[in-house]
Number of protein chains: 2
Amino acid sequence: MGRSMALHLRHAEHPLVVFSRTKERARDLLEAGAEWASSPREVAERCEVACSMVGLPSDVESIYLGADGMLSAARAPRLLIDFTTSSPALARRIAEACASRGAEALDAPVSGGDVGARNASLSIMCGGTEPAFAAARPLLERLGKTIVLQGGAGAGQHTKMVNQLLIAGTMLGLAEALAYARRSGLDPAKVLESVGGGAAASWSLANLAPRVLKGDFSPGFFIEHFLKDLRIALDEARSMGLELPTAAAAERTYAALAEAGHGRSGTQAIVHAYGW
Amino acid sequence: MGRSMALHLRHAEHPLVVFSRTKERARDLLEAGAEWASSPREVAERCEVACSMVGLPSDVESIYLGADGMLSAARAPRLLIDFTTSSPALARRIAEACASRGAEALDAPVSGGDVGARNASLSIMCGGTEPAFAAARPLLERLGKTIVLQGGAGAGQHTKMVNQLLIAGTMLGLAEALAYARRSGLDPAKVLESVGGGAAASWSLANLAPRVLKGDFSPGFFIEHFLKDLRIALDEARSMGLELPTAAAAERTYAALAEAGHGRSGTQAIVHAYGW
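Just so we're clear, the structure is a prediction, and the values are computed from it rather than from any experiment.

S.K.: Give a detailed account of the packing of aromatic side chains, specifying residues and quantitative values.
M.R.: Residue and element names in this part refer to chain B. Scanning all chains against the criterion turns up six aromatic pairs over all chains. Measuring from ring centre to ring centre gives 6.0 Å for F19 and W36, while their planes differ by 40°; the resulting arrangement is tilted. Within this pair, whereas F19 is found in the loop between β1 (17-18) and α2 (27-31), its partner W36 is found in strand β2 (residues 35-36), the two being separated by 17 residues in sequence. Taken together, a centroid distance of 5.4 Å and an interplanar angle of 85° make the contact between F226 and Y254 edge-to-face.

S.K.: Now, about the domain arrangement of chain A: what can you tell me, with residues and values included?
M.R.: Residues and elements named next belong to chain A. Annotation of chain A at the domain level lists domain 1 (2-152) and domain 2 (159-274). Summarising the inter-unit geometry, the C-alpha centres of domain 1 and domain 2 are found 29 Å apart. Taken together, the 14 residues of domain 1 in the interface contact eight residues of domain 2. Taken over both partners, the interface formed by domain 1 and domain 2 buries close to 860 Å², and the fraction arising from carbon and sulfur atoms is 64%. Inspection of the domain 1/domain 2 interface yields zero salt bridges. At the junction of domain 1 with domain 2, the criterion picks out five residue pairs in polar contact (both at pLDDT 80 or more). With three residues, helix α5 (residues 88-100) is the single largest residue contributor to the side of domain 1 that touches domain 2. Of the residues in the side of domain 1 that touches domain 2, the class split is seven nonpolar, six polar and one charged.

S.K.: Just give me the short version of helix α13 (residues 245-262) of chain B, but keep the residues and values in it.
M.R.: An α-helical turn contains 3.6 residues, so a residue and the one three or four places further along point in the same direction. Every buried residue of α13 of chain B is accounted for by T246, A247, A249, A250, E251, T253, Y254, A255 and L257 of chain B. Buried residues along α13 of chain B sit against α8 (155-183) of chain A together with α8 (155-183) and α12 (223-239) of chain B.

S.K.: So what's going on with α5 of chain A? Residues and values would help.
M.R.: For α5 of chain A, spanning 13 residues, the distance from its first C-alpha to its last is 19 Å, which sits close to the expected 18 Å at 1.5 Å a residue. For α5 of chain A, the set of buried residues is P88, L90, A91, I94, A95, A97 and C98 of chain A. Where α5 of chain A is buried, its residues touch α4 (57-65), β4 (79-82), β5 (104-107), α8 and α12 (223-239) of chain A together with α8 of chain B. Directly after α5 of chain A, the chain includes G102 of chain A, whose backbone phi takes a positive value near 75°.

S.K.: Run through the nonpolar core, naming residues and quoting values.
M.R.: Among the nonpolar cores identified, the biggest contains 94 residues, and Y180 and Y254 of chain A together with Y180 and Y254 of chain B are the most heavily contacted of them. Apart from the residues within four sequence positions on either side, Y254 of chain A is in contact with M171, I223, F226, L227, L230, T267 and I270 of chain A.

S.K.: Run through the interface of chain B and chain A, naming residues and quoting values.
M.R.: Listed per partner, the contact involves 55 residues of chain B and 55 residues of chain A. Inspection of the chain B/chain A interface yields zero salt bridges. Run the count over chain B and chain A and you get 16 residue pairs in polar contact (both at pLDDT 80 or more). The set of elements that each furnish at least two residues to the side of chain B that touches chain A consists of β7 (122-128), β8 (144-151), α8, α9 (188-195), α10 (203-207), α12 and α13 of chain B. Of all the elements, α8 of chain B adds the most residues to the side of chain B that touches chain A, at 20 residues. A class-by-class count of the residues in the side of chain B that touches chain A yields 32 nonpolar, 16 polar and seven charged.

Conventions we followed
- Residues numbered from 1 in each chain as written.
- Chains lettered and ligands numbered in written order.
- Predicted model: local features only at pLDDT ≥ 70, side-chain atom pairs only at ≥ 80, totals over all residues.
- Heavy atoms only, no water.
- Phe/Tyr/Trp six-rings, centres within 6.5 Å; stacked < 30°, edge-to-face > 60°.
- Helix = DSSP H or I, 4+ residues; strand = E, 2+ residues; numbered from the N terminus.
- Domains from an automatic or database assignment.
- Contact = heavy atoms within 4.5 Å.
- Buried area = accessible area lost by both parts, 1.4 Å probe.
- Salt bridge = Lys/Arg side-chain N within 4 Å of Asp/Glu carboxyl O.
- Polar contact = N/O pair within 3.5 Å; in protein donor to acceptor, adjacent residues only side chain to side chain.
- Nonpolar A, V, L, I, M, F, W, Y, C, P; charged D, E, K, R; others polar.
- Buried < 20%, exposed > 50% of the residue type's maximum accessible area, 1.4 Å probe, protein only.
- Expected span 1.5 Å × (residues − 1).
- Core = buried A, V, L, I, M, F, W, Y, C linked by side-chain atoms within 4.5 Å.

Here you go:
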């Protein structure tokens, strides 16, 4: 997703400096005229605005706060935007570290997947100050359609957690419903005709259930990434004293699937937990 | 819903004979020219096609198979259609009892709620023989938009259970997501702007979450009715050897709410289980 997003910026004639742990993955960008940097710190030193999109919160921590990280630069960018889905608590720590360097930070996780990144139709959920959001907005508008400042540092991440909690319940319901349909002898494809247009309708039902019926478990969204997100949400909820039994059930279900080798399947592979 | 549906038939110039345990609730229909019958048996004796829409499976059993029920009539209608959301096993028993009287039965639960009943835009999920479905179709087309024969007797009920299982997961996710949004200090209305249009989208999110935010817990769909449906689904699943932990969690959550006096609230009142 990061590559698709960076390409939109490059096509908008933004001069780009890129770093990736795997240089090969930046090839499209280098061919499109981006310059290579050898570390996050070098990106920071050469840029006014620095954007990141990585995997885990530990990766985010390392590229911002690590020995070779962006905030170790002699001169910080004026604005740092993290598109990774990551921990709200870490987003607040990064925002504080940026502020102490005179820089603005924005946590800006996205939803809309690969397709949304390619079509620049992402929903971008932002946390940070009003000035940081105003400064980032022209750039964000190259990448997404729904761009909302949800609150201070961490609020973008919290909003993304809400998004994932909604999906967690919907996917569990989808898995049980499809398992029930098959077990009771119904034709699941015909069932979708009856249930797809009413009060049971969801994006997941419309987009992922048909893939299940075709035996297509390729990712849209990787189980291992969803698992990471659920764990962040559960950690945050725990620290707020909030119990989320459905999200916890989704975490257990997806963890068992990852354990069984389905971590790189799409989230629709949840039906395997019900004998599909 | 039964009254709205019967009114559509009356407005289509069908001669109607009606029975209701509470005569007062049939007043609109009687004023529109329907005739009164004093029991389900009398309805059966006076009609070619008999339709039912009641509350619990025990009510369905009583109006079909009870001492004063439709199948106790000297002469059975040629077609009996039950629109109640009820037990698939009971639907099969009724179909057998009808067949032994030379009559056709159709289980035909609906989704789309009060609004769908008023606008004749229901999804009608049918179980029965092809001839029964063909005979019922012109009448069903007065009541709904999506009309599918899902299989033999009971298949309509099974399909409705699939619909309710989808909703169960979605509602649990919705409740946890809204609770998380509020607890983390977000503005839930603003969060809906960010999450409403992507992979987390659902009918429930679009239609019920805004009611929660307005403090509107009036029914769309009663908790006590949803609870009845979940119990049917769980009973059927148990008899098929299928475990449905999410549906079971929804049943426990809604049962506690009903216990606490929310049985006549709408299903969106599930947020009360999360301290809303």
